Amino acid sequence: MSRFAHPAGDRHAEVLPEDRPPQAPADLNTLVPTIWPRTSGRVDGAVTIAGVDVRDLAREYGTPLYVVDEDDFRSRCRDYKAAFQGEDVYYAGKAFLCKEVARWVDQEGLGLDVCSGGELAVALSVGFPPERIALHGNNKSYAELERALAAGVGHIVVDSFQEIARVGYLADKLGVRPKIQIRVTTGVEAHTHEFIATAHDDQKFGLSLNSGAAAEAVRRVLALPQLELVGLHSHIGSQIFDTAGFEVAARRLAVLLTEIKQEHGVVLPELDLGGGYGIAYVEGDDAPDIKVIADNLRMIVTRVCEDAGLPVPRLTVEPGRAISGPGGVTVYEVGTVKDVEGLRSYVSVDGGMSDNLRTALYGADYTCVLASRASEARPTLSRVVGKHCESGDIVVRDVWLPGDLTAGDLLAVPATGAYCRSLAHNYNYLLKPAVVAVKDGKSRVIMHRETEDDLLRGQV
Ligand SMILES: Cc1ncc(COP(=O)(O)O)c(C=O)c1O
Ligand SMILES: N[C@@H](CCCC[NH3+])C(=O)O
């Protein structure tokens, strides 16, 4: 739970003036380990990531800048692989994908979840093995499906009756027999922001268990011999801390597996429980331990299936945020500092809602530190804002920053490795920042900063 959470307990609720943090932390220079990349620290007062000083990064590549700690990313892939040993882990590319990240995911032996033709194109462009790719999406086009089938993508996760017909038609046309999972809406009300909960009935994803649509989808897929129905899929939402929702979903899917066996005599070998594992954004956020989640999920599915006399299916999980989020840091340069008497200090940086939409979109919590030097100046309650023409353009809603903060200082916002670059946009024609990977004291660009030529290309 966030330090600044609303008393009602909704971590995404608007922070009201009376909810302001009661007192400043004793030391503004400390990097709280749970929210910074595994290799970060301070040297000479400045923040370093993987041994690289953020001042050098800002000088060499400019700001705003996304910094990705390669070892942090890879180590989290390994953590998931170890926790789910014998099962399948697919990285959800929507969290953050580029060619280099696709290579890391491939080298670490994970699968890849893509949900558009664009994500698929990135993966295929670096030779990501198609059999380890799963294609998701609630409105996959004929072109996207055809490309995926032609490439030999390992799983298509079907999301509607129309799509089942489309895939059936295309499989016939191409002479292939794709593996199909059915995305099931389990009716679980995940404890997260409304916009990122995906398993209650009143939303766009999946086929409802309650209404019988999921069971009907099973019938329709089984009726098409050109499709190989291999399993069920559920994704209950994102940034979830409370593991109970995963367990309820797993139980409900296992019940459906039993019903499928009774109705069709078919035993499905796979169960995909999706992603959604929360990460710490601010001090006090208590991210679930992946080993505990893995053990619980396995135990529940085993118990339900054994009770029903079913073989235990192979599990798949699809973490996105939990792999790329913690290793990412955004570095900004301070442009102006404006004290609003009796309220707070407004610190404007050179990016904003175009490089991190999450605060504006979900009221998400972030924190930040002065990164280019240490300071013992008096802590000042501050709001870090961007440079967009929008008063909701907030990067960090409430944070204590040193009172001597000034133009030219660098701020670093941790835990921005997921859903920041991937949600980036060009509002006000700001340029999407570069992404730099750091490792063993070295840095390299893995996504170039956009240029004005990029913005003007395609305009007449
Ligand atoms: C089907 C599916 N799998 C995996 C994910 C990844 O979620 P997260 O980044 O929260 O782990 C998502 C996004 O919420 C999703 O829609
Ligand atoms: N974009 C969301 C997560 C969406 C997950 C995809 N279904 C976020 O930043 O939290």
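Residues numbered from 1 in each chain as written. Chains lettered and ligands numbered in written order. Predicted model: local features only at pLDDT ≥ 70, side-chain atom pairs only at ≥ 80, totals over all residues. Heavy atoms only, no water.

1. Structural notes on the state of the cysteines
Part 1 of the argument: Here the structure, examined in full by the defined rule, presents zero disulfides.
Part 2 of the argument: With no disulfide partner, Cys 368 has as its closest neighbouring cysteine sulfur the one in Cys 420, 13 Å distant.
Part 3 of the argument: With relative accessibility at 4%, the residue Cys 368 sits in the buried group. (Disulfide = S-S within 2.5 Å. Buried < 20%, exposed > 50% of the residue type's maximum accessible area, 1.4 Å probe, protein only.)

2. What about the pattern of salt bridges?
Part 1 of the argument: On inspection of all chains with the given rule, the structure shows 27 salt bridges.
Part 2 of the argument: Between Glu 100 and Arg 103 there is a salt bridge; the shortest N-O distance is 2.6 Å. Note that Glu 100 and Arg 103 are positioned in helix α3 (residues 99-107) at a spacing of three residues, about one turn of the helix.
Part 3 of the argument: For Asp 409, the salt bridge identified is with Arg 373, shortest N-O distance 2.9 Å. Note that Asp 409 is positioned in the loop between β18 (394-402) and β19 (410-414) and Arg 373 in the loop between β16 (369-370) and β17 (379-385), a separation of 36 residues in sequence.
Part 4 of the argument: A residue is classified by how much of its surface remains accessible, and Asp 409, at 7% relative accessible area, is buried.
Part 5 of the argument: A relative accessible area of 24% places Arg 373 in the partly exposed class.
Part 6 of the argument: Salt bridges sharing partners connect three or more residues here, namely Glu 70, Arg 74, Arg 78, Glu 100, Arg 103, Glu 108 and Arg 444. (Salt bridge = Lys/Arg side-chain N within 4 Å of Asp/Glu carboxyl O. Helix = DSSP H or I, 4+ residues; strand = E, 2+ residues; numbered from the N terminus.)

3. Some remarks on the packing of helix α8 (residues 244-264) against helix α9 (residues 290-307)
Part 1 of the argument: Across the interface, α8 lies against α9 with an axial gap of 9 Å and an inter-helix angle of 25 degrees. Taken together, α8 and α9 sit at an angle that is classed as roughly parallel. Every pair of crossing elements has a handedness; the one defined by α8 and α9 is right-handed. Here Phe 246, Glu 247, Ala 250, Arg 251, Ala 254 and Val 255 of α8 lie close against α9, whose contacting residues are Asn 296, Leu 297, Ile 300, Val 301, Arg 303, Val 304 and Cys 305.
Part 2 of the argument: Of the residues contributing to the contact of α8 with α9, the split by class is nine nonpolar, one polar and three charged. (Axes fitted to C-alpha atoms, helices over the stretch in contact; angles between N-to-C directions. Parallel < 35°, antiparallel > 145°, perpendicular 65-115°, else oblique. Left-handed = near helix turned anticlockwise from the far one by under 90°. Contact = heavy atoms within 4.5 Å. Nonpolar A, V, L, I, M, F, W, Y, C, P; charged D, E, K, R; others polar.)

4. Regarding the UniProt feature "modified residue: N6-(pyridoxal phosphate)lysine" (unreviewed entry) in the chain
Part 1 of the argument: Mapped onto this numbering, the UniProt entry gives "modified residue: N6-(pyridoxal phosphate)lysine" (unreviewed entry) at Lys 94.
Part 2 of the argument: Relative accessible area serves as the criterion here: at 27%, Lys 94 is assigned to the partly exposed category.
Part 3 of the argument: Setting aside residues up to four positions removed in sequence, Lys 94 forms contacts with Asp 113, Cys 115, Glu 119, Tyr 419 and Ser 422. (UniProt positions renumbered as here; feature names shortened; annotations may be inferred.)

5. Details of helix α7 (residues 213-222)
Part 1 of the argument: Within the sequence span of α7, burial applies to Ala 213, Ala 214, Ala 217, Val 218 and Val 221. Along the axis of α7, the buried residues cluster in a sector spanning 150 degrees; they form a single face.
Part 2 of the argument: Buried residues along α7 sit against α6 (161-174), β9 (179-185), β10 (207-208), β11 (228-233) and α8. (Arc of directions from axis to C-beta.)

6. Side note on the packing of helix α4 (residues 117-125) against helix α5 (residues 142-151)
Part 1 of the argument: It is the contact of α4 with α5, at a shortest axis distance of 10 Å, that shows an interaxial angle of 25 degrees. When the interaxial angle is binned, α4 and α5 end up roughly parallel. Helix-helix and strand crossings are classified by hand; for α4 and α5 the assignment is left-handed. On α5, the residues that touch Gly 117, Leu 120, Ala 121 and Leu 124 of α4 are Glu 144, Arg 147, Ala 148 and Ala 151.
Part 2 of the argument: Looking at the contact of α4 with α5 residue by residue, the class counts come to five nonpolar, one polar and two charged.

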